[in-house]
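As a plain string of letters, each chain reads:
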Amino acid sequence: MSIWWSLHLRREAASVPLARRLLLGTMETAGVDPDVSYDLSLALTEACANAVEHGGRTGTGEPSAEYRVTAYLDGEKCRIEVADSGPGFPRGPVPAVRRPTPEAESGRGLSLIEELADHVHFGNRSGRGGAVVSFDKIVKWRTDAPAPLVAS
């Protein structure tokens, strides 16, 4: 069985825990192992926080008031995508994620997503502008997971 959902959220700090709780609730209901759910929810939190903080103005200078979160739980994989309408990543190849120094107060989000997920892609939306962060992880199921939601 496949489950997917998509949210269009206001670029406000209060939207971040909303997306996280929806993901955790979906994963719990589907029977995903809590450790996998936690890793994905933390990665989602970081991606959403970046969209809220950095997705401020489009390439034309217009304010960007929203961002989108889409999650797919299909078979043995969960894929999550967070897209904003801001200026996006710098043009050209997306630079490697820089590792912050231990004393840095910010800048850990993208590297944390890379650590928590199995596959990560950072890029720009084509045409309309904005950044896209997508990541996926192979899921493990709880031993008491409901049979209809566990792919065989």
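What comes next concerns the included structure. As a convention, each chain's residues are numbered from 1 in the sequence order in which they are written. Totals for whole chains, interfaces and linings use all residues, but because this is a predicted model, local features are given only for residues with pLDDT of at least 70 and pairs of side-chain atoms are given and counted only at 80 or more. Water and hydrogen atoms were dropped before computing side-chain values, which therefore reflect all heavy atoms in the structure.

Before going further, it helps to spend a moment on the pattern of salt bridges. In the sections that follow, a salt bridge refers to a side-chain nitrogen of Lys or Arg positioned within 4 Å of a carboxyl oxygen of Asp or Glu. For the structure shown, the criterion picks out 5 salt bridges. Asp39 is paired through a salt bridge with Lys137; the nearest N and O atoms lie 3.6 Å apart. Here Asp39, found in helix H2 (residues 34-54), pairs with Lys137, found in strand E5 (residues 131-138); they are 98 residues apart in sequence, far enough to count as distant. Judged by relative accessible area, which is 21%, Asp39 ranks as partly exposed. You can call Lys137 buried: its relative accessible area is 11%. Across the pair Glu81 and Arg68 runs a salt bridge whose closest N-O atoms are separated by 2.5 Å. Residue Glu81 is found in strand E3 (residues 77-84), and its partner Arg68 is found in strand E2 (residues 66-74); the two are separated by 13 residues along the sequence. We classify Glu81 as partly exposed; its relative accessible area is 22%. Secondary structure elements are taken from DSSP: a helix is a run of H or I of four residues or more, a strand is a run of E of two residues or more, and numbering for both begins at the N terminus. Residue burial is assigned from relative accessible area. The probe radius is 1.4 Å, only protein chains are included, and a residue is buried under 20% of its type maximum, exposed over 50%, and partly exposed in between.

Quick look at the environment of Leu24 now. By the secondary structure assignment, Leu24 is in helix H1 (residues 15-30). Residue contacts are counted whenever heavy atoms from the two residues lie within 4.5 Å of one another. Setting aside chain neighbours within four positions, we find Leu24 in contact with Ser37, Tyr38 and Ser41.

Attention now moves to the sheet that holds E3. Strand pairing in a sheet takes place through backbone hydrogen bonds and is either antiparallel or parallel in direction. Taken in spatial order, the 5 strands of this open sheet run E1-E2-E3-E5-E4, and their pairing is antiparallel. The open sheet terminates on both sides in strands that have one partner only, identified here as strand E1 (2-10) and strand E4 (119-124). Sheet twist, expressed as the average angle between the axes of neighbouring strands with direction ignored, equals 10 degrees. Note on pairing: DSSP must find at least two bridges between two strands before they are called paired. Relative to E5, E3 runs antiparallel, the two sharing 7 bridges. Bridge assignment links Lys77 to a residue of E5, and that residue is Ile138. Packed on one face of the sheet, H1 meets E1, E2 and E3 and runs near 170 degrees to E1. In this analysis an axis means a line fitted to C-alpha atoms, helices contributing only their contacting stretch, and an angle means the value between N-to-C directions, from 0 to 180 degrees.

The next point concerns the side chain of Ser37. The residue Ser37 is located in helix H2 in this model. If near-sequence neighbours (up to four positions away) are discounted, Ser37 is found in contact with Leu24, Met27 and Val32.

In the contact formed by H2 and helix H3 (residues 109-116), the axes pass within 9 Å of each other and the chain directions differ by 155 degrees. Considering their axes alone, H2 and H3 lie roughly antiparallel with respect to each other. The hand of the H2/H3 crossing is left-handed. Along the contact surface, H2 presents Asp39, Leu42, Ala43, Glu46, Ala47 and Asn50, while H3 presents Gly109, Leu110, Leu112, Ile113 and Leu116. Think of it as three bins: nonpolar holds Ala, Val, Leu, Ile, Met, Phe, Trp, Tyr, Cys and Pro, charged holds Asp, Glu, Lys and Arg, and polar takes everything else, Gly as well. Looking at the contact of H2 with H3 residue by residue, the classes come out as 7 nonpolar, 2 polar and 2 charged. Roughly parallel means an angle under 35 degrees; roughly antiparallel means over 145; roughly perpendicular covers 65 to 115; every other angle is labelled oblique. Two helices cross in a left-handed way if the nearer one is turned anticlockwise from the farther one by less than a right angle. They cross in a right-handed way if the turn is clockwise.

On to the packing of H1 against H2, then. Contact geometry of H1 with H2 gives a least axis separation of 9 Å together with a crossing angle of 155 degrees. Here H1 lies roughly antiparallel to H2, going by the angle between them. Seen along the crossing, H1 lies across H2 with a hand that is right-handed. Residues Ser15, Val16, Ala19, Arg20, Leu23, Leu24 and Met27 of H1 form the contact with H2, whose own contacting residues are Ser37, Tyr38, Leu40, Ser41, Leu42, Leu44, Thr45, Cys48, Ala49 and Val52. Its residues assigned to classes, the contact of H1 with H2 comprises 12 nonpolar, 4 polar and 1 charged.

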